[in-house]
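# Fold and contact review
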Amino acid sequence: MAAASRVFAFRDARWAPDPVLEPSAAVRTPQPVPLVIDNGSFQTRAGWASADPAVPAEPLLRFRSLAARSRGARGGAGAETQVGNDLGSPEPLRWLLRSPFDRNVPVQLELQELLLDHVFQRLGVASQGCVDHPIVLTEAVCNPLYSRQMMSELLFECYQVPKVSYGVDSLYSFYHNKRQNWPCSGLVISSGYQCTHILPVLEGRLDAKNCKRINLGGCQAAVYLQRLLQLKYPGHFAAITLSRMEEILHEHSYIAEDYIEELQKWRSPEYYENNMHKMQLPFSNKLLGSTLTSEEKQERRQQQLRRLQELNARRREEKLQLDQERLDRLLYVQELLEDGQMDQFHKALVELNMDSAEELQSYINKLSLSVEQTKQKILQAEVNIEVDVVDSKPETPDLDPLGSEQSLEDVESINEFEPLFAEEQPEVEKPVAAVQPVFNLAEYHQLFLGTERIRAPEIVFQPSLIGEDQAGIAETMQYVLERYPKEQQAILVQNVFLTGGNTMYPGLKARVQKELLEIRPFQSSFQVHLASSPVLDAWYGARDWAVEYMTREEGWITRKDYEEKGGEYLKEHCASNVYVPIRLPKQAPRATEALATSRALTSSTGNPCEQA
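As named in an unreviewed UniProt entry, the chain is Actin-related protein 5, taken from Aquila chrysaetos chrysaetos. As its UniProt record puts it under Subcellular location (unreviewed entry), the chain is described as follows: "Nucleus".

## A word on the overall build of the chain
Along its length, the chain carries 20 helices and 20 strands. The burial tally for the chain puts 40% of its 612 residues in the buried class. The contacts in the chain between residues at least 6 apart in sequence include a share of 71% that link residues at least 24 apart. Carbon and sulfur atoms form 52% of the exposed surface of the chain, whose accessible area is close to 36100 Å².

## Here's the deal with the packing of aromatic side chains
Each aromatic ring pair is characterised by the separation of its centres together with the angle its planes make. According to the stated counting rule, one finds eleven aromatic pairs in the structure shown. Residues Trp266 and Tyr271 carry aromatic rings whose centres are separated by 5.3 Å and whose planes lie at 90 degrees to one another, so their mutual orientation is edge-to-face. Measuring from centroid to centroid gives 5.3 Å for Tyr569 and Tyr579, while their planes differ by 80 degrees, and the two rings are edge-to-face. Taken as a pair, Tyr569 in the loop between α18 (559-565) and α19 (590-604) and Tyr579 in the loop between α18 and α19 lie far apart in primary sequence, ten residues in all. A residue is classified by how much of its surface remains accessible, and Tyr569, at 12% relative accessible area, is buried. An aromatic cluster is present here, built from Phe174, Tyr175 and Phe497 joined pairwise through their rings. Sitting above the plane of the Tyr193 ring, Arg64 keeps its charged end 5.8 Å from the centroid. Between Arg511 and the ring centre of Phe461, over which it is positioned, the NZ or CZ distance is 4.3 Å.

## Some thoughts on the pairing of strand β13 (residues 196-202)
Within β13, six of the seven residues are buried, which leaves it mostly tucked inside the rest of the structure. Of the pairings in the sheet, the one linking strand β12 (residues 186-191) to β13 comprises six bridges and is antiparallel in character. Note on β13: the bridge partner recorded for Ser191 is Thr196. In this structure, the hairpin formed by β12 and β13 is closed by a connection of four residues.

## Some remarks on the environment of Pro200
Inspection of the secondary structure assignment puts Pro200 in strand β13. A relative accessible area of 0% places Pro200 in the buried class. For the pair Pro200 and Gly186, spaced 14 residues apart in the sequence, the C-alpha separation amounts to 6.1 Å. Look past the residues within four positions of Pro200 in its chain and what remains in contact with it is Gly186, Leu187, Arg205, Leu206, Asp207, Asn210, Cys211, Val480, Tyr484 and Leu492.

Parameters at a glance
Residues numbered from 1 in each chain as written. Predicted model: local features only at pLDDT ≥ 70, side-chain atom pairs only at ≥ 80, totals over all residues. Heavy atoms only, no water. UniProt positions renumbered as here; feature names shortened; annotations may be inferred. Helix = DSSP H or I, 4+ residues; strand = E, 2+ residues; numbered from the N terminus. Buried < 20%, exposed > 50% of the residue type's maximum accessible area, 1.4 Å probe, protein only. Contact = heavy atoms within 4.5 Å. Areas by Shrake-Rupley, 256 points an atom, 1.4 Å probe, with all protein chains shown as cover. Phe/Tyr/Trp six-rings, centres within 6.5 Å; stacked < 30°, edge-to-face > 60°. Lys NZ or Arg CZ within 6 Å of the ring centre and 35° of its normal. Pairing = 2+ DSSP bridges.

In structure tokens form, the structure reads like this:
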């Protein structure tokens, strides 16, 4: 591979705002079709679920699950809230960004409402005062009941949806990729932006008791890579942003099949030169003190002078406006004195913090003089600007020799500005010699990616690299398998399924196969499958389920169910969580409690002789 081909420039792509889409008539006729929302902690995906060919069978909206509230312009409009792709780029607003998620569980329902508003508005949901489409929404594995309760309350109370269905994104992806000869049981490894899950599926249903979560994902890998490169290149600390680290992870990182052996390979200078990637940071070719022609210097000086003139004119106008308002106020108070309204006049003097009419007259005189002087300065500045515009035209020599006389004062004023705006004479200009920099400026702004390409994604297998006291994927997978008898272990490993955006690293499938080979008994068989589209298969699976179960009652929570059984209620289906209702101890009736209390008091305050 040529050296030049290993230099990659950061794309720094800006997000294009989502357009307001016009839904087709098939979305509402003969009845409103379900709206599928993959509510991920990294990205939200939304689209329609319909078997009609006129309705696109892909997510129409894809945006980051982020919102930012701007502070608003000074003296202008109020604060504005932007969501998803409307942010343009996350880096300038990094400290203002807010997410509704804690790990992968939505907890900030105000921000979740902003995301749902964005979805409904951009998809063109035009129903008045409500959303009359069924909603299919993804949720976290073993989602807390309180989170589901708040989400159901938001959907039914705020948006008035007719019915809603909750499902697990990785299980939707599992069933979307299920082939004809695939078993209904398997071990799902789902690695996303915030965490990684190991999910055993037996006979088509999730075994929630043996699910395990690792609190590591793509977010922690990006932060770890950022720290590594900032320590390696302290001179480019600000340029090493999280967005660029995510780009490196997505396009330049890979999983080593054997981490220690791969590190030994990187110790070889030849291997390092052949596999190292160079990331080019943006930089300017112009050095300090770069050569500018006299025309460019003159133009720059004129721009600075013009800027100063505009700034001074703006300040004078603001000062004139304030002084005029104060003067009008004082003249109004003086008119009260002339009209004989003494009570109002004295109240106004107290408000103005003045003692007498003479002091009022003195202030009026001073403000009148200040207003007149400011008006004169503004008029003089306008005249000077007009003169500058006239003088900026090309000079025609010898047209008015008699009118070229100048006063001594004009000559002196011109001489004062001469050092500032003096143009270099063409005859004195020397040819500019090419400046040879001491070092290669482009190479100085390059990030050399060596072992960083494998160290950042390795944390899901070795969390101790970043100081986390957790088990990695291999240990967690072994722990989950050991909770089953050998017969069920053999069934589960026949379909190990990888899904989620953090499983798209090259080499991940081979690494999982190697780990299983070390875990499983000698000569035992297993199969590892990777989702066809690890990022979008969750949405596709939810759409497939919605199309199949659109007219059935299985899996749908209606408004009647919500009102009778509470917001935490869940109707189970093939890709859902297991519903565990809240079991509260039954409280005894108040009359029974009072009777029991009186009996206790009677027994405690009985005959003292009997107690003795």
